[in-house]
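The residues making up each chain are set out below.
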Amino acid sequence: MSDATLDSKGGAGPAVADDPKRRAAFDARVAAEGKVEPRDWMPEQYRKTLIRQISQHAHSEYVGMLPEGNWVTRAPTLRRKAVLLAKIQDEAGHALYLYGAAETMGVSRAEMLDALHEGKAKYSSIFNYPTLTWADVAAIGWLVDGAAIVNQVALQRCSYGPYARAMVRICKEESFHQRQGYEAMMALAQGSPDQKKMAQDSLNRWWWPSLMMFGPSDRDSPHSAQNMAWKIKRESNDDLRQRFVDMTVPQADYLGLTMPDPDLKWNEERGHYDFGEIDWDEFWRVVKGNGVCNRERLQARRDAHDKGAWVREAAVAHAEKRAARSLAQAAE
Amino acid sequence: MNQDQHVDYLLRLGDNALILGHRLSEWCGHAPILEEDIALTNVALDLIGQARMLLTQAGAVEGKGRDEDALAFGRDVLDWRNVLLVEQPNGDFADTIARQFLFDIWNHQVFSTLLGSTDAELAAIAAKAVKEIAYHKRHSSEWLIRLGDGTEESRARMIRALDVHWGFVEELFTPDAVDQAAFEAGIGPDLAALRPEWDAAVAAVLDEAGLERPEVGWAVHGGKTDGHHSEHLGFILAELQFMQRAYPGLAW
Amino acid sequence: MASSDWPLWEVFVRSRAGLNHKHCGSLHAPDAEMAIQNARDVYTRRGEGVSIWVVKSSEITAADPDDKDQLYDPADTKVYRHPTFYTVPDEVDHL
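Residues numbered from 1 in each chain as written. Chains lettered and ligands numbered in written order. Predicted model: local features only at pLDDT ≥ 70, side-chain atom pairs only at ≥ 80, totals over all residues. Heavy atoms only, no water.

Account for the interface of chain C and chain B, naming residues and giving values.
Contacts between the two partners involve twelve residues from chain C and, on the opposite side, eleven residues from chain B. Per-residue buried area on chain C facing chain B is highest for M34, Q37 and D41 of chain C; these three make up 40% of the total on that side. Inspection of the chain C/chain B interface yields two salt bridges. Between R146 of chain B and D31 of chain C there is a salt bridge; the shortest N-O distance is 2.8 Å. On the surface where chain C and chain B come into contact, there are six residue pairs in polar contact (both at pLDDT 80 or more). Taken together, the elements giving at least two residues each to the side of chain C that touches chain B come down to β2 (22-28) and α1 (32-43) of chain C. Here the side of chain C that touches chain B gets eight residues from one element, more than from any other, and that element is α1 of chain C. (Contact = heavy atoms within 4.5 Å. Buried area = accessible area lost by both parts, 1.4 Å probe. Salt bridge = Lys/Arg side-chain N within 4 Å of Asp/Glu carboxyl O. Polar contact = N/O pair within 3.5 Å; in protein donor to acceptor, adjacent residues only side chain to side chain. Helix = DSSP H or I, 4+ residues; strand = E, 2+ residues; numbered from the N terminus.)

I'd love a proper account of the pairing of strand β1 (residues 8-14) of chain C, names of residues and values included.
All names here are of chain C. Judged by how many residues are buried, β1 sits mostly within the fold: six of seven residues are covered. As defined by bridge partners, β1 adjoins strand β3 (residues 51-56) across six bridges and the pair is classed as antiparallel. Counted as the bridge partner of V13 is I52 from β3. (Buried < 20%, exposed > 50% of the residue type's maximum accessible area, 1.4 Å probe, protein only. Pairing = 2+ DSSP bridges.)

So what's going on with the layout of surface pockets? Which residues, and what values?
Residues and elements named next belong to chain A. Approximately 1400 Å³ is the volume attributed to the largest pocket. Forming the boundary of the largest pocket are 50 residues, of which Q53, Q56, M213, F214 and G215 lie nearest the centre. Those elements giving two or more residues to the lining of the largest pocket turn out to be α2 (44-63), α4 (78-103), α6 (134-155), α7 (161-189), α8 (193-212), α9 (224-229), α10 (237-255) and α11 (280-287). It is α6 that contributes the most residues to the lining of the largest pocket, eight residues altogether. Considered class by class, the residues forming the lining of the largest pocket number 22 nonpolar, 16 polar and twelve charged. (1 Å grid on protein atoms, 1.4 Å probe; cavity = no way out; pocket = protein on both sides within 12 Å on 5 of 7 lines; lining within 4 Å. Points joined across faces, edges and corners; volume = space filled by probe spheres on them. Nonpolar A, V, L, I, M, F, W, Y, C, P; charged D, E, K, R; others polar.)

Quick rundown of α8 of chain A? Include the residues and the values.
Taking 1.5 Å per residue as the helical rise, α8 of chain A with its 20 residues ought to reach 28 Å, and the 30 Å between its terminal C-alpha atoms agrees with that figure. Of all the bends in α8 of chain A, the greatest, near 30°, is centred on W206 of chain A, and the proline P209 of chain A appears no more than four residues after it. (Expected span 1.5 Å × (residues − 1). Bend = angle between axes of the 7 residues up to and from the residue.)

An account of the pattern of salt bridges is needed here, citing residue identities and associated values.
All told, the structure shown has 43 salt bridges over all chains when counted by the stated rule. Taking the shortest distance from any N to any O, the salt bridge between K321 of chain A and D149 of chain B comes out at 3.0 Å. Pair noted here: K321 of chain A is in helix α13 (residues 309-331) and D149 of chain B is in the loop between α6 (120-148) and α7 (152-166), and the two residues belong to different chains. Overall, the relative accessible area of 32% leaves K321 of chain A in the partly exposed class.

Quick rundown of the environment of F168 of chain B? Include the residues and the values.
Residue and element names in this part refer to chain B. For F168, the location among the structural elements is in the loop between α7 and α8 (169-173). We classify F168 as buried; its relative accessible area is 10%. Counting along the chain gives 65 residues from F168 to F103, while the straight-line C-alpha distance between them is 9.7 Å. Contacts of F168, omitting those with residues within four sequence positions, involve L84, L85, Q88, W218 and V220.

Describe the pairing of β2 of chain C, listing the residues and the values that go with them.
Residues and elements named next belong to chain C. By the criterion of burial, β2 is predominantly enclosed, with five of the seven residues buried. Sheet analysis places β1 next to β2, joined by six bridges and oriented antiparallel. Following the sheet pairing, V11 is matched in β2 by G25.

How would you sum up the sheet that holds β2 of chain C? Please name residues and give values.
Residues and elements named next belong to chain C. Overall, antiparallel pairing links the three strands, which are arranged β2-β1-β3 in an open sheet. Looking at the sheet topology across the chains shown, the edges are occupied by β2 and β3. When the angles between neighbouring strand axes are averaged without regard to direction, this sheet yields 30°. (Axes fitted to C-alpha atoms, helices over the stretch in contact; angles between N-to-C directions.)

So what's going on with unusual backbone geometry? Residues and values would help.
All names here are of chain A. Of note in this structure, E33 is not a glycine but carries a positive phi near 65°. Residue E33 is classed as partly exposed on the basis of its relative accessible area of 43%. Despite not being glycine, K231 has its phi angle at roughly 60°, a positive value. Within the fold, K231 resides in the loop between α9 and α10.

Lay out the confidence of the model for chain C with the relevant residues and their values.
Here chain C shows a mean pLDDT of 79. Residues at 70 or above account for 64%. Per the prediction output, this complex has pTM 0.92; the corresponding ipTM is 0.96. (pLDDT = per-residue confidence, 0-100.)

I'd love a proper account of the packing of α4 of chain A against α6 of chain A, names of residues and values included.
Residue and element names in this part refer to chain A. Their axes nearest at 13 Å, the elements α4 and α6 cross at an angle of 45°. When the interaxial angle is binned, α4 and α6 end up oblique. When you trace α4 past α6, the crossing you get is left-handed. Along its contact with α4, which presents R80, L84, K87 and E91, the element α6 presents W134, V137, I140, G141 and D145. Its residues assigned to classes, the contact of α4 with α6 shows four nonpolar, one polar and four charged. (Parallel < 35°, antiparallel > 145°, perpendicular 65-115°, else oblique. Left-handed = near helix turned anticlockwise from the far one by under 90°.)

Describe the interface of chain A and chain B, naming the residues involved and giving the relevant values.
At the interface, 47 residues of chain A touch 49 residues of chain B. Where chain A meets chain B, there are four salt bridges. Across the contact surface, chain A and chain B share 15 residue pairs in polar contact (both at pLDDT 80 or more). At the level of secondary structure, the elements contributing two or more residues to the side of chain A that touches chain B comprise α3 (65-69), α4, α7, α8, α12 (294-307) and α13 of chain A. Sorting elements by how many residues they give to the side of chain A that touches chain B places α4 of chain A first, with 14 residues. Looking at the side of chain A that touches chain B, its residues break down into 27 nonpolar, eight polar and twelve charged.

Requested: an account of empty space enclosed by the protein, with residues and values cited.
Residue and element names in this part refer to chain B. Scanning the model with the defined rule gives three cavities of 30 Å³ or more in all. Estimated volume of the largest cavity: approximately 90 Å³. Among the secondary structure elements, those contributing two or more residues to the lining of the largest cavity are α1 (3-25) and α5 (93-114). In terms of residue count, α1 provides more of the lining of the largest cavity than any other element does, four residues in total. Of the residues in the lining of the largest cavity, the class split is eight nonpolar, one polar and four charged.

Printed below as a string of structure tokens:
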């Protein structure tokens, strides 16, 4: 979000990373809900974890523009078109805030993009699923943004200041995304048989991938304990996933749509919905690059970057020329 | 000016905005840098917003119950009234900037005049739109300068892009019967009279970009007058209208 | 820095007259004019902001947080800077 270069001489570098006294003071401060700011001393592992997490989050927003962008030119009404475009623009803005937050830790956006383009950095697997019908745009708003909000609300309390502040701004702006998705879904669910069919098919395809957005089960999530202690992660994957299920099932009921999960039912004793086991094979398959759109999404990002290189170079060259001219004028 | 001409005139303005907004929205997610994704989307959103107001007004003047969507999704190529310039493909970033720059300078002149239109609704739309268009003009001018006076490659691309789009400029300034009637009714500007100011404004930016005014020996017309468009418009409509054609008469 | 990478700028926005400019984030731009335009598009999309400042991030000098003690602690003793240090009669308004 901010203060990027302020980190350049900061204490985050590896040279001082294993100072036990500072480490104890850091842990105590974070435990007491103190915020960490860019130039503060921090353990190397804290820095690495956050760079990975924030840059993945940024890449997800950036790549996430593509499946919805796919429908901008085909939106069914001008109002829907304008709303969709504004929403995708917000996602670009969110990518920008997040790259900025990661940059405060001393990594440049160019380095992060290189990692994305080389396939070394991950982004949310949900965007490797195709948007086949207009209902998918509605489903993304309702389910994918709904899941993202559950995650992001928790991250507003992340211990790293710039990330937490970016999350506050993003959550504020995203409040309309989920609502517009649900509204668009409602129009379909209350529409013609064709529209209802489109809506149900879309829910069938997006429900399980939305649940996968919360990541592996707590049983298989090795980093969780340290990240929870450092307040990088505020709640466990499974807790957040449960919250999303509890929130979303009644919304689907209201629409008259059926969740594609025969095991889904209210558990009076737990006060939560029970739901079926996620297909973890599919989860790992898509994470590892074997979703329908993995290659296209990455290639689209590479193409935009490569085809834009001459534009970015021209702007830099022009700025240099202009600076040289004003220097020459000053010398006269 | 008869009612048909009035509707036709409003459709020109609305169709220009919608088709150019459509073209710019094709960049969404594919711009040279993230910041420019946001900037191009802003311009696209402004234009689509203007199109919605202008088409709504066209439908109101027409009085046959057609709203913005009926007009956007229910007309085939021959009934579209946009100028040829705005339907040209995005090409590379220099093409997009050339098309935008040539149009923005003209569009700003037109909407500045429309502030005083005798069509009060149109004047109110112009009051909102003219501020947005002033910003579009600034954005495309600044990019034209950077590409023209950037690297050798960007300069060559910018020169080529201006050559490619220059032949569509004359249509902007050539009034036909509808433009003439709109002018006489105090609804729209005297198009031909706008040319000297446009030439001067364009020359000033070209000069700052270190570029010459293109010398091209061709100029084409047809979009706005009788719907004789380039082949590109049909493909734009195929995408734009897909949902309403595949599922007619539904609410979304 | 490769020739196609744009420098980073910090953005400060005054959201309405009477308030200070407030740091709201950063962005990349090749020069000040484009930084202003990008800042308008990025940080004032919802009509926030009546005035924008941009400054190249590399032009900002920051105090070292390790100097916190010498820079900020002395102020703790200068209580006369705080308005509550002064007792004024309750019936006197507008102070």
